[in-house]
Each structure stands twice: as structure tokens, then as C-alpha cells.
Amino acid sequence: MKFRFIVRRLIVTVPMVLIVITLTWGLIRLAPGNFYSTEKKLPPAIEKNIRAKYGLDKPWYVQYGRMMWNIVRLDFGNSLKYENETVNDILWRTLPVSATIGLLAYLLALVVGVLTGTLAALKPNSKLDYVSMALAMLGISLPNFVLGPILVLVFSLSLYWLPPARWNGFPSWNLVLPVLTLSAIYMAYIARLTRAGMLEVLRSDYIRTARAKGLSERQVVVRHALRGGLLPVVSFTGPALAILISGTVVVERIFAMPGLGNYFINANLNRDEPLIIGIVAFVSIAVLVFNLLVDIAYAFIDPRIRY
Amino acid sequence: MPDSKAVRVVAFVLSAALLAASCTTQAKKSEFFGKIDPPAGQVLRYITGSEPESLDPQMSSGQPEARIDMALYDGLAEYHPKTMEPIPAIAERWVIDEDATEFVFFLRHDAKFSNGDPITAQDFVYTIRRGFRPELAARAAYLGYDIQYAEAYNSLGAFVRDPQTGRFLLASEAAPAGEAKNAGGEATTQPAAPPTEAEQEAELRKELSRKGEEAAPDTPFHHFMHSPARLVVPADEKGREKTFKADPKLQALVAGKEFVPVRAEDIGVEAVDDYTLRITMRQPAPYFLGLVPHQFFRVVPQKVVERYGVNWTKPENFVGSGPFKLQEHRPYNNLTVVRNPYYWDAKNVHLDQIVFYPLEDQTTMMNLYKAGEVDATYNHTVPASWLKSGVRFMKDYMDAPENGSNYWQINTTKPPMDDKRVRRAFNLAVDRKALGDYRVVSKPNSSFVPEGILHGYPSPPGYTLNVEEAKRLLAEAGFKDASGNFDPKKFPVDQVEIAYNTSESNRQIAEFVQAQWKQNLGVTIPLRNVEWKTFQDMRSKLQYKGFAGGAGWSGDYMDPFTYLSLFTTKEGGDNMTGWYDPKFVRMLDEANRQPEQAVRYQMLSKAEAYLLDAAPVITLLKPATSWMKKPYVKGMYPNPGTLHAWKYIYIEHDQAKWDQQMPDMTTDELAAVAAKE
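For clarity, every value in this text was computed on a predicted model and none was experimentally measured.

Asker: Could you clarify how one ought to interpret the overall build of chain B in this entry?
Answerer: Helices and strands together make up the secondary structure of chain B, namely 21 helices and 24 strands. Here chain B holds 677 residues, and 48% of them are scored as buried. Here the analysis covers contacts within chain B between residues at least 6 apart in sequence; of these, 72% occur between residues at least 24 apart.

Encoded structure:
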């Protein structure tokens, strides 16, 4: 049963990715400007040479067909802006950067978020509950383009403790600020989700049964309550991880990280078609796959779910 | 108690933030911006702007790339670190003939690529021909279009040959030659009646022998270059048909002839011997020398380029010609270059390593600069808010005029702006000094060519505030009341507007000038904010009413011609005012024929005065470079293009010798610049 479900989902993924790519391809064409335009006007002869070199003088269906053929072979071709780099090279190089920051941020968010959320749920309406939920509210409402500069201002420019930007491999001090900035909002979400989930579960019948059987509070929480209480967090994890790993535009830009997000924003500004298509394809596959993983994970965590 | 712990954490964070805030106020008192710790050894960490699109010097046209290319490649000439005028590099010296159509470069014998191969004139021939290859599609190719047949080759042109006699048709035969709209655009102003071939030959022989005495020996190719220009038509059938449709006479002329595509070998570059390079122009082009240091003309190694294709600039394949060679390139992160031991002047290179950080976000750049993680930044990197908060008064802030001009275009084809007096009046009613003070990072510019940055160029007097004269001119143009005084109510405000493309600074300037006109003339010109692509379109097609704000021109080279030549095209190009005066074009042509630089500048200045009198633009500002450099970085100067010849730069570890202000720009003696103080 499970196997059939997975296969069916995977089959649906393919046309969805193709639709996303086609839409993207069309939108790039609608956007004004092109990858070679600059402030100064280009002589028509040079523009003609450029269009011929990159096959832009061919009819649209030829261009579309060639792009699709590239995608089927999983070879997105060379970037238009950075001529000697293939899109695949760029993806392979930037993915680890984005994934490092994203995973670290999510890990931190998960540990801190689940911990505070659980503690808050165990003692609802206590001081701890109020303080942590207030902080969580702050974390949700404070956008990372505000939080990031504040952290930089304090820890890099005033205290001179941490570098203000740039990638320096893993592990390095350069990672601290971007990871903190990125994880804040997820931390806050997870804390709130955990608290809500736990509160609901702790009131349910099977917890009462567990308590009635005389289990210790620790066993009740860790073995029985968390499993159900974390379900909302699990469903949040899928899309969140997909977004985090495929690059977070704002944080990568503020901290000048050579990740997927930074490339994506520039690819759009540069109208770098192969690169845009490559990244969009990658991200949409990532989102679909992670959602699938979440659905599968559900089946293992929650015994009530059957496929 | 966990409760109190949380409270304590919050208290700590708050106190840390407060502490930080107090530190910030302290830092403001410093004379320099942020940390000043020179890196150990001779290493420079520099921000040059966004990720270079290519490390192939012929393939890029931007400044971020230009700066990196200046480290990796050497050219015939280099930019002077202070004035940006061409100084000898691989070419030890050069000879320019009297009418500036022929440049002979004498190469040093000890120049080598970074793999030890010698650099010869043939390498330059290869490099320049490569730059014009249509298949390469180099964006900067237009810079060299004045080289004989370069444009024809780059735009896929063909010569026209008579199959019977084997004779090539001349551009002068396709009358009216001056208007020839063929692909090559070989506009020549030859007399209508072509002289007989014998006459031509004799004339040429005489001329060439004169040239040969001074420079390099005569060759058959040299002869070909100086023969009357051949006719060029598009090589492809379709393009030809289009040309013929516009010019049926031309079609009749070429009927029955064969078309010979222009080849790379036809371009006016010739290796006379291993160390002599001769470049021939299609028309007098004294400004060409100023273009020679451009990355487009920097020499590349043929063998490596041909072996690795687009991948030749990857660190594992890279071979360059500059003072530094590529060591590591991690896109969007860092590009590291190290000393090239084979560089001809290696003993005078001070830095061991330069690390370029490709960055786009200004705040991030300034953060890194303040935290002492970079030593210098490129131009226009300091955000406006930081400037206002005091950064511009710091000793490491570089504030020097730039090779650029900010002005507004006027649509001279529509009333009331088709009247010169009206255009002059609006120019006279702007207080440029006040505008410059308001803009902070710009300086007032009353004439069109930026004043005071082109060495030896006497700027003509431009427009300064003179409300009385402005009103008089407007009254003269017919906007007057019964008593003959200027009456603002008569001015047709509904026929003009100030269109500008969306940007904060454009809006500020537009509002400022609008307010000035309102105050000085009592005329309120409406503002109109337009999206960039639309703005470009309405400017090119002259569909705007009145003024187009936000135009700026940054010079391609250090010569007034880079600005004045904007008005040599009637349609297309970057003129966009509709103003075209054959007399002005003639004045420029005559000036360019002038061998003496001082005289030529004098004549160009007269041409500019003529342009200013016709006033197709509202002159406004020249931008300031606005960047930062730590006091221990020496030999780096705020020159008008922010392009630095890296070999002059070094890190000074002796605190007593640090810069205490913007470096002195007055002495331009190269010896003084080159010598480490």
C-alpha cells in the first residue's frame, strides 16, 4: 500500500515540475530586458551577434524544445551571464552552502523550539510560558532583514566578536550570525507549534490512560505525548526544510553567502534563463520531495494514519 | 527556577545591546571608520563589485571586471594611477601619425605570459582580431570600431568585388557616401568624384613614405589599409535586401558583383615584426590611445584560449599577462590573485596577493570594511544614510570627481523646447551649487564635459544661475506680457514635463530642479515617473515632452570626445535629444585631425561651447567617486574611473607613514607615484 502511494506521488511530481518550468520559462520571456542589456545602448550589430551566439534568434518553439530536452537529460546547460559555468556546476557548488546554513538553522530551531514549546505546554500560563511565548511572538514578527543587521551591529561592528559576513567553510565563526538570524523565525514557529500540539495532546484520553496506568510524568511526556504533540512540527518541517536548503535569499544576501538563494536573485535580475530554470526546477523538486517525505514520516509517527 | 533564568538571559541580551550602542557612539569619534589593523604581509583585500561575469578580458565590459583584468592582464598601455591617462606598459613607446589614423606601438622585448611564453606583436594581433569575432559576440567590441574594417568584420559585412576586373568597389563610389547606411557604416567624407587610380596610388605612396620614415617599414598590408575605404554591405542576403530597399542606387551599383565577406585578417592591426604593432584607423581617432588600456585590448594567450575554449580562465587552465595571476576563484565568494613571477616589471610589484570579494549589498560591504575585513572598496559604495551620519568627514573617505556627467536631455523637436532661447533659459535658472550640496556625493557641473578631471582640457564657461538673463531670453522667445517682460502664465506648462526613470536619487534631483524653476521662473513643470524600459523607449523615439531626467554618461576613456561624440548621431545611439548639427560634427572632425593635443583640446572646447550654446541638455552634476580605503593602503588613488594599476599599491605597516587624508592628487609624476615612499 505504502509503496503504491509513494510511486503514485512520484509520478504526479514529474508533470508538476514540467508545468512549473514552462510557466517560469514563459514569465522570463514576458519580463522586460535581457541578460546582455546595460545602461549604455549596444550597437545593433553587437546585439545581433549576441542573439545569434545564444540561439535567441531562433523561433520560440525551438528554444523551448531545446530547453526541455536539456531538462530531460538533467543538463541545464551553461549560464548566460557566467559563460564558463554550467548550471549544474553552480547547483552543486551552492547547494552545500545553503544546505549547511539551512540545516544548522533548522537543527537549532528544532532543539530550542521543541524544548521551550514543551516546557511552556507543561506549565501553561506560568511565567516561563509567557516569557517564551512572548519571545516567540517577537521572533515571528521580527523579519530577518531587521534581525540580521541588528545582530551584525551588536556582535560585529560594536563588539568586534564575530565576522559580519562572508562564507568561510564549515565550521567557522562566519556561520554564527546567519544561522542565528535564519533560525529565529523557525525557532519561534516550532515553539508555538509544539506548545499548541502538546497542550492538545496532554488533554487527550490516551494520555489520561497513560497517567492512570501509573507511568511517570517523564515517560508520559517523552513516550506518549511528544509523539502526537510534534505532528504539527513534522508537517511544518517538510516545506520549511525545502525552503531552507534551497537557499534563503535575504540572509544569504545580507551575509554575502555564496548560496543558491543569492544566485537565484541575481539570475533573475540578470535574466539568466538557464540558471533560473535550473534553480526553479531544483527547488520545485525539493519542495515536492520533502512534502512526500513528510507524508511518509506521518505514517510512522502517527499510528492513526493509513494510506 | 527556570523562570528567573529566562529573565536573566533576556536581561543579558538587553545589556549587551546597550553596551553595543554605547560603543557605536564611541566609534563615531574616531578619525577613521572602524578597525584599522593592516593585514600581515603584503595582502590587499578589495571589494570590486558584483561577481565578474567573465575573466576573459574581451568578454566583459563592466568596471568590476576591469579592475580584476588590470591585475590579470597587461595591455599596450596602462592607466596612470592618478590621472588615468595611458602610460607605457607592454608597449615601451608609441608613435601616432599626424592625422591620428595610424598608431605604431613598440613592444618591450621582455614581456611574458604567466607561463613564461614571450608576448609579441602577433599576440596582440590575435587578441584584437579575436575581440571582433562575431561568434565571440563581445559587448565591448564597439570601442574599437574606429579600427579600419573592425566594424565591418564584427557586423558580418562583405566587400563588393567586380568578378571581371577583380577590383573592389569603394565606399566613395556609393554616393552619397556620407549617408551610407550599410552594415559597416564606413562613413567617409571623400570628394564625390573619385580620383583616378594612378593619382590615388601616387598620393598614397607619397603619404606612406612619409609615415614610414617615422615609424615602421611599409608593407603591402599597410598599403591596403591606407587605400581608399572599400564599400561594405551586409554579407547575408536578408540584410543586403534591407539595405538595398533603403538605397536602390546601391543595388544598381553592386548588381552583378560578388560579395567577399570581411575577414579577421582585413582588420587594421598588423604585426610589422615581433615587437612592432601597427594599428590603422578608418578616420582620425586621437582618443584611441585613451582606450588602449581598456580590458578589451589586453593581451591573451592564443594557445591556451584555443585549447580550453570558454574554460580557459578557470584557475586550473589560466594563463595571463598581468602583474598577478589567478590562484583561486570561488564564484560569489572570493577571487584570489598572486604575484606573477614572469611579469616584466615583477620587481616593482609590491603586493604578494590580492583577494577580491564579489559583493553587491552596500551595507554588507561597509560592514566588512568597518570590521576591518577588507582594506578598500570600489566607487559609490557608501550608502547615503552612512554618508549623512558622518562617514564623509572621516579621513579614509575618498571623495574625488568622477569621469562622468549627469544631465537632462531636452526633446528639441517639440515646441516650446525647439527654441534655443528657451533651452538656454531653463539652463540658466538652475542653481547647480545648491543642487550639489543637497546631493552630497555629486559636484556641480556647469558645462557638459565634466570639469577639471581631463588633464589640460579647458572647459568652456557653462551655465551658472542667472535668473534675469533667463527671464529675458524667455521674454524674447515670446512668453511676455504687454510691457515686454517675461510672463510665466504665458509659458505652455502643459506641453512640457520632467520624465525620469524610477529611482530615489532621480526623484530627488527632479524635485529639486522643479522647485528651482518654480522659484526662479514661476513655472511649475510637472514630474512624471517612468519605468526604466519604457523610459529608454520614449527617449530613443523622442516621445517625451520637454525634459528627460536621469541621463548620465560615464566616460569610456579620458577624453572629452567620449562625451561630445554623443551628438554625432542623429537617430539611434545615446543622443536622444533630436539635436544634430553638421557644423558641430565638423568641428569635432577638424579637432580630431589636429595632431597637437593642446590645440585639439582647444578646438574641442570650442565645439563644446557651441554645444552648450545650442543647449540640447540641462547640465547638472558630475558624480563623485565616494569610496573608502584604510590609511595603510598606499599607492591607491581616487582617480576619475576608480581603476587602479595594482602594481603601485602596497600595505604600509609603519603607522607614521599612513595617509591622514585623501591622497594627494596634484603630482602626477609617475616616478613619484611609483616610488614607494
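Structure shown, so let's carry the discussion forward.
Asker: Can you help me understand the pairing of strand β5 (residues 102-107) of chain B in this one?
Answerer: Along a regular strand, successive side chains alternate from one face of the sheet to the other. Residue and element names in this part refer to chain B. Summarising burial for β5: six of the six residues are buried, a large majority. From the end of strand β4 (residues 91-96) to the start of β5, which pair antiparallel, there are five residues, and Ala-100 there has a positive phi angle of about 55°. Bridge count between β5 and strand β10 (residues 276-280): five bridges; the pairing is antiparallel. Bridge pairing in β10 places Val-104 opposite Arg-278.

Asker: What's the story with the environment of Met-84 of chain B in this structure? I'm lost.
Answerer: Residue and element names in this part refer to chain B. Tracing the sequence through the fold places Met-84 in the loop between β2 (77-79) and β3 (86-88). Residue classification places Met-84 among the buried residues on the basis of 26 C-beta atoms within 10 Å. Distance in space between the C-alpha atoms of Met-84 and Asn-529 is 36 Å, their sequence separation being 445 residues. Not counting chain neighbours up to four residues away, the residues in contact with Met-84 comprise Tyr-79, Met-558, Asn-639, Pro-640, Gly-641 and Leu-643.

Asker: Sorry, what's going on with the pairing of strand β13 (residues 353-358) of chain B here?
Answerer: Residues and elements named next belong to chain B. Here strand β1 (residues 43-49) runs beside β13; their pairing, made up of six bridges, is parallel. Residue pairing for β13: Ile-47 is matched across the bridge by Tyr-357. Inspection of the sheet shows strand β12 (residues 334-339) paired to β13 by four bridges, in the antiparallel sense. When the sheet's bridge partners are listed, Val-338 is paired in β13 with Gln-353.

Asker: Honestly, the domain arrangement of chain B in this entry has me stumped. Any pointers?
Answerer: One widely used convention gives an interface's size as the accessible area the parts lose upon coming together. Each domain of chain B was delimited in the assignment, giving domain 1 (4-79 + 298-389 + 632-675), domain 2 (94-297) and domain 3 (404-622). When each unit is reduced to the centre of its C-alpha atoms, the spacing between domain 1 of chain B and domain 3 of chain B is 36 Å.

Asker: I'm lost on helix α11 (residues 362-370) of chain B in this one. Help?
Answerer: Owing to its 3.6 residues per turn, the α-helix brings residues three or four apart onto one side. Across the nine residues that make up α11 of chain B, a large majority, seven, are buried. All buried positions along α11 of chain B are accounted for by Thr-364, Met-365, Met-366, Asn-367, Leu-368, Tyr-369 and Lys-370 of chain B. On its buried side, α11 of chain B packs onto α6 (144-158) and α11 (249-254) of chain A together with β1, β14 (376-377), α12 (384-388) and β22 (627-628) of chain B. A positive backbone phi angle near 75° is found at Gly-372 of chain B, which sits one or two residues after α11 of chain B.

Asker: Got a minute to help me understand the interface of chain A and chain B in this structure?
Answerer: Tallying the contact residues gives 43 residues for chain A and 43 residues for chain B. Taken together, the elements giving at least two residues each to the side of chain A that touches chain B come down to α2 (44-53), α5 (127-141), α6, α11 and α12 (260-270) of chain A. At six residues, α6 of chain A tops the list of elements feeding residues into the side of chain A that touches chain B. Split by residue class, the side of chain A that touches chain B holds 25 nonpolar, nine polar and nine charged.

Asker: Quick question: what am I supposed to make of the sheet that holds strand β17 (residues 442-444) of chain B here?
Answerer: In any sheet, the strands associate via hydrogen bonds between backbone groups, in a parallel or an antiparallel arrangement. Residue and element names in this part refer to chain B. In spatial order, the strands read β17-β21-β16-β20-β18-β19; together these six strands make up an open sheet with mixed pairing. Each edge of the sheet is formed by a strand with only one pairing partner; in this case those strands are β17 and β19 (527-530). Strand after strand, the sheet turns through a mean of 30° between neighbouring axes, direction not considered. Of the strands in this sheet, β18 (497-501), β19, β20 (546-554) and β21 (617-623) touch helix α16 (residues 504-521), which is tilted by about 165° from β18.

Asker: Help me understand the environment of Pro-239 of chain A, please; the structure alone is not making it clear to me.
Answerer: All names here are of chain A. By the element assignment, Pro-239 lies in helix α10 (residues 231-245). Residues Pro-239 and Val-294, 55 residues apart in the sequence, show an inter-C-alpha distance of 8.8 Å. Excluding anything up to four places from it in sequence, Pro-239 contacts Val-287, Phe-290 and Asn-291.

Asker: Would you take a moment to explain the sheet that holds strand β6 (residues 157-161) of chain B for this structure?
Answerer: All names here are of chain B. With antiparallel pairing, the three strands of this open sheet are ordered in space as β7-β6-β8. Of all strands in the sheet, those with a lone pairing partner are β7 (232-234) and β8 (258-261), marking the two edges. Across this sheet, the average inter-strand angle for adjacent strands is 50°, counted without regard to direction. In this structure, β6 lies alongside β8, joined through four bridges in antiparallel fashion. Residue pairing in the sheet places Ala-158 in a bridge with Pro-261 of β8.

Asker: When you look at unusual backbone geometry in this model, what are you seeing that I'm missing?
Answerer: Most of the time, phi is negative for any residue but glycine, and the peptide bond is trans. In this chain, Phe-170 of chain A is followed by Pro-171 of chain A through a cis amide linkage whose omega measures -5°. Tracing the sequence through the fold places Pro-171 of chain A in the loop between α6 and α7 (176-202). One non-glycine residue with positive phi stands out, namely Ala-615 of chain B, at about 50°.

Asker: I would appreciate a short explanation of the environment of Gly-546 of chain B in the present structure.
Answerer: All names here are of chain B. By secondary structure assignment, the location of Gly-546 is in strand β20. Sequence separation of Gly-546 and Met-417 is 129 residues, and the distance between their C-alpha atoms is 6.3 Å. Look past the residues within four positions of Gly-546 in its chain and what remains in contact with it is Ile-410, Asn-411, Met-417, Val-496, Glu-497, Ile-498 and Ile-525.

Asker: Just to check I follow, could you spell out the confidence of the model for chain B for this structure?
Answerer: A low pLDDT means the predicted coordinates there should not be read in detail. Residues and elements named next belong to chain B. On average, chain B scores 87 in pLDDT, and the residues at 70 or more come to 88%. A low-confidence stretch, residues 22-28 (pLDDT under 50), is modelled with five contacts involving residues beyond four sequence positions or located in other chains. Note on residues 177-192: pLDDT under 50 across the span, and 42 contacts to partners over four residues away in sequence or across chains. On the interface metric, ipTM, the complex scores 0.86, and its pTM is 0.86.

Asker: Would you mind showing me how to read the packing of helix α8 (residues 205-212) of chain A against helix α9 (residues 217-229) of chain A here?
Answerer: How two helices pack is summed up by the angle between their axes together with the distance between the axes. Residue and element names in this part refer to chain A. Where α8 contacts α9, the axes come no closer than 10 Å and their chain directions differ by 150°. Judged by the inter-axis angle, α8 sits roughly antiparallel to α9. As α8 packs across α9, the resulting crossing turns out to be right-handed. Residue-level contacts link Tyr-206, Ile-207, Ala-210 and Arg-211 of α8 to Val-220, His-224 and Ala-225 of α9. When grouped by side-chain class, the residues that make up the contact of α8 with α9 number five nonpolar, one polar and one charged.

Asker: Is there a simple way to explain the packing of helix α4 (residues 87-122) of chain A against helix α13 (residues 273-301) of chain A in this structure?
Answerer: Residues and elements named next belong to chain A. Look at α4 against α13: their axes get within 9 Å of each other, and the N-to-C directions meet at 50°. For the element pair α4 / α13, the angle class is oblique. The way α4 lies across α13 gives a crossing that is right-handed. Along the contact surface, α4 presents Val-87, Ile-90 and Leu-91, while α13 presents Pro-274, Leu-275, Gly-278 and Phe-282.

How each quantity is defined
- Residues numbered from 1 in each chain as written.
- Chains lettered and ligands numbered in written order.
- Predicted model: local features only at pLDDT ≥ 70, side-chain atom pairs only at ≥ 80, totals over all residues.
- Helix = DSSP H or I, 4+ residues; strand = E, 2+ residues; numbered from the N terminus.
- Buried ≥ 20, exposed ≤ 12 C-beta atoms within 10 Å, placed from the backbone.
- Contact = placed C-beta atoms within 7 Å.
- Pairing = 2+ DSSP bridges.
- Domains from an automatic or database assignment.
- Nonpolar A, V, L, I, M, F, W, Y, C, P; charged D, E, K, R; others polar.
- Axes fitted to C-alpha atoms, helices over the stretch in contact; angles between N-to-C directions.
- pLDDT = per-residue confidence, 0-100.
- Parallel < 35°, antiparallel > 145°, perpendicular 65-115°, else oblique.
- Left-handed = near helix turned anticlockwise from the far one by under 90°.

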